[in-house]
Amino acid sequence: MATFGDIGVAAAFNIISSLIFLIAFAFLRLQPFNDRVYFPKWYLKGLRSSPSHSGSFVNKFVNLDWRSYIRFLNWIPDALKMPEPELIDHAGLDSAVYLRIYLLGLKIFVPMTLLAWAIIVPVNWTNKTLAQLSKGEAGLTYSSIDKLSISNVPFGSPRFWTHVVMVYVFTFWTCYALMKEYEKIAVMRLHFLASEKRRPDQFTVLVRNVPPDPDESVTECVEHFFLVNHPNYYLTHQVVINANKLAQLVEEKKKKQNWLDYYQLKYSRNRGKRPMTKTGFLGLCGDKVDGINYQTAEIERLTKEIAEERKRVKTDPKCIMPAAFVSFKTRWGAAVCAQTQQSRNPTVWLTEWAAEPRDVFWANLAIPYVSITIRKLIAAVAFFFLTFFFMIPVSAVQSLANIESIEKQLPFLTSVVEQPFIKAFIQGVLPGLALKIFLIVLPTILMMMAKFEGFLSISALERRAAFRYYLFNFVNVFLVSIIAGSALSQLDTFLKQSPKQIPETIGVAIPMKATFFITYVMVDGWAGIAGEILRLKPLIFFHLKNFFLVKTEKDRVEAMDPGSIGFNTGEPQIQLYFLLGLVYAVVTPVFLPFILVFFALAYVVFRHQIINVYNQEYESAAAFWPDVHARIIYALIFSQIMLMGLMGTKGIYEAPPVLIVLPVLTICFHLYCKGRYQPAFVRYPLQEAMMKDTLERTREPNLNLKGYLQQAYVHPIFKNEEDDEDEGFNMKLDDSATVPTKRLQSRKTTPIPSKFSGGSSPALPEHDHEGSLS
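Let me begin by describing the structure that accompanies this report. For clarity, every value in this text was computed on a predicted model and none was experimentally measured. (Residues numbered from 1 in each chain as written. Predicted model: local features only at pLDDT ≥ 70, side-chain atom pairs only at ≥ 80, totals over all residues. Heavy atoms only, no water.)

**Some points on the environment of arginine 189**
Here is step 1 of the chain: One can find arginine 189 in helix 9 (residues 160-195).
Here is step 2 of the chain: Here arginine 189 falls in the buried class, since its relative accessible area comes to 10%.
Here is step 3 of the chain: Sequence separation between arginine 189 and serine 620 is 431 residues; the distance between their C-alpha atoms is 9.6 Å.
Here is step 4 of the chain: If near-sequence neighbours (up to four positions away) are discounted, arginine 189 is found in contact with Leu93, Ser620, Ala621, Ala622, Ala623, Ala680 and Phe681.
Here is step 5 of the chain: At 3.2 Å, the side chain of arginine 189 and the backbone oxygen of serine 620 are in polar contact. (Helix = DSSP H or I, 4+ residues; strand = E, 2+ residues; numbered from the N terminus. Buried < 20%, exposed > 50% of the residue type's maximum accessible area, 1.4 Å probe, protein only. Contact = heavy atoms within 4.5 Å. Polar contact = N/O pair within 3.5 Å; in protein donor to acceptor, adjacent residues only side chain to side chain.)

**With respect to the nonpolar core**
Here is step 1 of the chain: Formed by 148 residues in total, the largest nonpolar core has its most connected members in Phe109, Tyr584 and Trp625.
Here is step 2 of the chain: Here this core takes 15 residues from helix 9, the largest share from any one element.
Here is step 3 of the chain: Ignoring anything within four residues of it in the chain, the contact list for phenylalanine 109 reads Tyr577, Phe578, Gly581, Leu582, Leu592, Ile595, Leu596 and Phe599.
Here is step 4 of the chain: Ala324, Phe328, Cys337 and Trp349 belong to the second-largest nonpolar core, a separate cluster that totals 18 residues. (Core = buried A, V, L, I, M, F, W, Y, C linked by side-chain atoms within 4.5 Å.)

**Focus: the packing of aromatic side chains**
Here is step 1 of the chain: By the definition in use, this model includes 41 aromatic pairs.
Here is step 2 of the chain: Taken together, a centroid distance of 5.9 Å and an interplanar angle of 20° make the contact between phenylalanine 109 and phenylalanine 599 stacked. Here phenylalanine 109 is found in helix 7 (residues 93-125), whereas its partner phenylalanine 599 is found in helix 28 (residues 592-612), with 490 residues between them in sequence. There is no split in this pair, since phenylalanine 109 and phenylalanine 599 are both buried.
Here is step 3 of the chain: The interplanar angle of 40° and the centroid separation of 6.4 Å between the aromatic rings of phenylalanine 606 and tyrosine 614 together place this pair among those described as tilted. One exposure class covers both phenylalanine 606 and tyrosine 614, and it is buried.
Here is step 4 of the chain: The structure contains a cluster of three or more aromatic residues connected by ring pairs, namely Tyr98, Tyr102, Phe109, Tyr577, Phe578, Phe598, Phe599, Phe606 and Tyr614.
Here is step 5 of the chain: Positioned above the aromatic ring of phenylalanine 452 is the side chain of arginine 375, whose terminal nitrogen or guanidinium carbon lies 4.8 Å from the ring centre. (Phe/Tyr/Trp six-rings, centres within 6.5 Å; stacked < 30°, edge-to-face > 60°. Lys NZ or Arg CZ within 6 Å of the ring centre and 35° of its normal.)

**Section: helix 10 (residues 218-229)**
Here is step 1 of the chain: For helix 10, which comprises 12 residues, the first-to-last C-alpha distance of 16 Å matches the rise-based estimate of 16 Å (1.5 Å per residue) to within 8%.
Here is step 2 of the chain: Most of helix 10 is tucked away: 10 of the 12 residues are buried.
Here is step 3 of the chain: Those residues of helix 10 lying buried are Thr219, Glu220, Cys221, Val222, Glu223, His224, Phe225, Phe226, Leu227 and Val228. (Expected span 1.5 Å × (residues − 1).)

**What about the environment of phenylalanine 390?**
Here is step 1 of the chain: Tracing the backbone shows phenylalanine 390 in the loop between helix 14 (372-389) and helix 15 (391-401).
Here is step 2 of the chain: Classification of phenylalanine 390 by relative accessible area gives buried; the value is 12%.
Here is step 3 of the chain: In this structure the C-alpha to C-alpha distance between phenylalanine 390 and leucine 439, which are 49 residues apart in sequence, comes to 9.6 Å.
Here is step 4 of the chain: Among residues more than four places away in sequence, those in contact with phenylalanine 390 are Phe438, Leu439, Phe472 and Asn476.

**What about unusual backbone geometry?**
Here is step 1 of the chain: Positive phi is not limited to glycine here, since alanine 621 has a value of about 55°.
Here is step 2 of the chain: Mapped onto the elements of the fold, alanine 621 is located in the loop between helix 28 and helix 29 (625-649).
Here is step 3 of the chain: Its identity is not glycine, yet alanine 622 carries a phi of approximately 60°, on the positive side.
Here is step 4 of the chain: Position of alanine 622 relative to the elements: it lies in the loop between helix 28 and helix 29.
Here is step 5 of the chain: Accessibility expressed as a relative area gives 0% for alanine 622, which makes it buried.

**A few points about helix 29**
Here is step 1 of the chain: Counted at 1.5 Å a residue, the expected span for helix 29 with its 25 residues is 36 Å, and the 37 Å between its end C-alpha atoms agrees.
Here is step 2 of the chain: Of all the 25 residues making up helix 29, 19 are buried; the element is thus mostly covered by neighbouring parts of the structure.
Here is step 3 of the chain: Glycine 651 lies just past helix 29 and shows a positive phi near 85°.

**So, the pattern of salt bridges**
Here is step 1 of the chain: Taken as a whole and assessed by the stated rule, the structure comprises 22 salt bridges.
Here is step 2 of the chain: Note that aspartate 290 and arginine 274 form a salt bridge whose closest N and O atoms lie 2.8 Å from each other. Of this pair, aspartate 290 sits in strand 4 (residues 288-290) while arginine 274 is found in the loop between helix 11 (244-269) and strand 3 (276-278), placing the two residues 16 residues apart along the sequence.
Here is step 3 of the chain: The residue glutamate 305 makes a salt bridge to arginine 301 at a minimum N-O spacing of 2.8 Å. One end of the pair is glutamate 305 and the other is arginine 301, both in helix 12 (residues 291-315) and 4 residues apart, which spans about a single turn.
Here is step 4 of the chain: Since its relative accessible area comes to 31%, arginine 301 is described here as partly exposed.
Here is step 5 of the chain: In this structure, a network of salt bridges that share partners links the residues Arg198, Arg331, Asp693, Glu696 and Glu700. (Salt bridge = Lys/Arg side-chain N within 4 Å of Asp/Glu carboxyl O.)

**Things to note about the side chain of glutamine 616**
Here is step 1 of the chain: Tracing the backbone through its elements, the reader meets glutamine 616 in the loop between helix 28 and helix 29.
Here is step 2 of the chain: Classification of glutamine 616 by relative accessible area gives buried; the value is 11%.
Here is step 3 of the chain: A distance of 3.5 Å separates a polar side-chain atom of glutamine 616 from the backbone nitrogen of isoleucine 565.
Here is step 4 of the chain: Non-local contacts of glutamine 616, meaning those with residues more than four positions away in its chain, are made with Lys41, Ser95, Arg358, Ser564 and Ile565.

Next up, the structure:
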């Protein structure tokens, strides 16, 4: 078992690593040639110019101002200076609310830590239970850290009622902090939606599963339906097309162009030798040819293929999907459409709020709606097997954390692992580091699963991947670590004991796994967060691109990699720390200070990154907060249930009936918050929509809204093209407006109910209309 000395070595190792990262960052950020790496957000906003463009030759690369090195830690107060309203204007509500998750962690765990160390730690420390068990027949292995845990309290001791009382205190405090935060963020969201600038998604609804009509195209069918059923508010629409192959060709051409730029730049520096390349996989095999000529020929080939594919996409009816972005004249009209059922058949004309244009994941719009359920089932099965098979490496990692068990199973390694430094490194650093390495590829796999499921926005993809990452952490990082590290490590002990003693030993062993999680938090939450601010990978890639590919200022801007918050990886990491903190707050309070260091350090680092680096890909107005709230609630309930089971093994049989009230109260609290605050995150109040529409009409009575929305949801692959001639109708609609359609029954003089809308259409002239493509 890891001792205070082992944890001290691990802490020293991770603190030194963190300091190296932070000092390296503080030095590198001052150098002019790194300015675009550490301040890309200001360049993208056009508010910063490169310091390497002025001054002497040396000053363009190295900062010679010695006073700036004295103030090298000024980035910390600078990151904390910006007020929250200014931060919202600068980076968006998503970024500001994401930072509040770290603040919430501090609000919850700072009082918990103070109370736990003042009350629970003395109760646990002043016992000799573990020492007696280690000398008895059980031969239980433990460390000095475990003496601070609940495992050191004697079986059946009335001291356990201290833990029962404290779990009530911690639960009420956590719920209070969660409620106040939920209330605050709900108000922030509504205020943000009311005060933010006009955006296309405020007026636009995504319509899916448009039913086929033999007499009308998709665009005509959509227009007819909304002119009939939303005659006073429908404005325009963009049908969805399948341009995935075209997008792939354009992306391939872009890569070829980068290679051509590289070879041309290389040749310009050495005119005596033409650059060569191989035509095989990744340029590693195949015939050796002239690099410039080969890439030029490839670009010409792709240009022709792109032109042909572009023409096919525009003319082939099979490329048009049964979906469309429908825009309305008012936010009120869009809200009514997005939040109501459109047809008597609930499986067609499905409407939802359209994501903002930069949030749309265009590739998934081509997935047929009928296949979504099957895709989700396949992804769920794949995730189950991924989680199951990942238990093998996680269990192997846990064996590193128990050096006594290693010596029992592999006695020939005793002389090696008993070396003080090696022992401390194996127990204090290696388990957390190994687990961190195993988890590196996981976010990519989970994001691929989310894309396969067919989610239509980047924000939805990230929330889905984050949910799966949270489940994976809960099962593999938490549960499997406890089972593999505690129960299995004591397997020999269990076999030698009488059945009556086994539950007691399990109750003692489970809290003792806190030492592993302490090392994991230090590796992942201390050194990992400090490594985030260094941005080593973007730093290297920027300078490689700058040297080999950059020719113009536009190329230099594209070479910057500001990145984003990464909700799909960051939020599950935070939730794991909430889970660990809530579980071990009563069981092993020594764990809490390590959690506090993580929340404090992460808050400062990510605030700096959000202000200076990250360029958020989308803005969802904190739509993710209900998920954050719910997962903390789940962690709280799990911690209560675990303590109930633990108390049952400690001989306090009156405690579980007292504790069973807590999960019930917590669930009731969650349902209250869900009913009181969650509607602000899933529905847009009609009152707010009408107020915003009224203000806008007053301030901008001559606003050309159709011109503003006409090209908003055009597929990005067509954005650089010349705008096609607008074939849309410009008729002023009123109660007697006619609806252009090819439907035969609508040409009769007697109004007949629409086949799909359930409305009626008056006698209509023959009129063909083609909607624009997205």
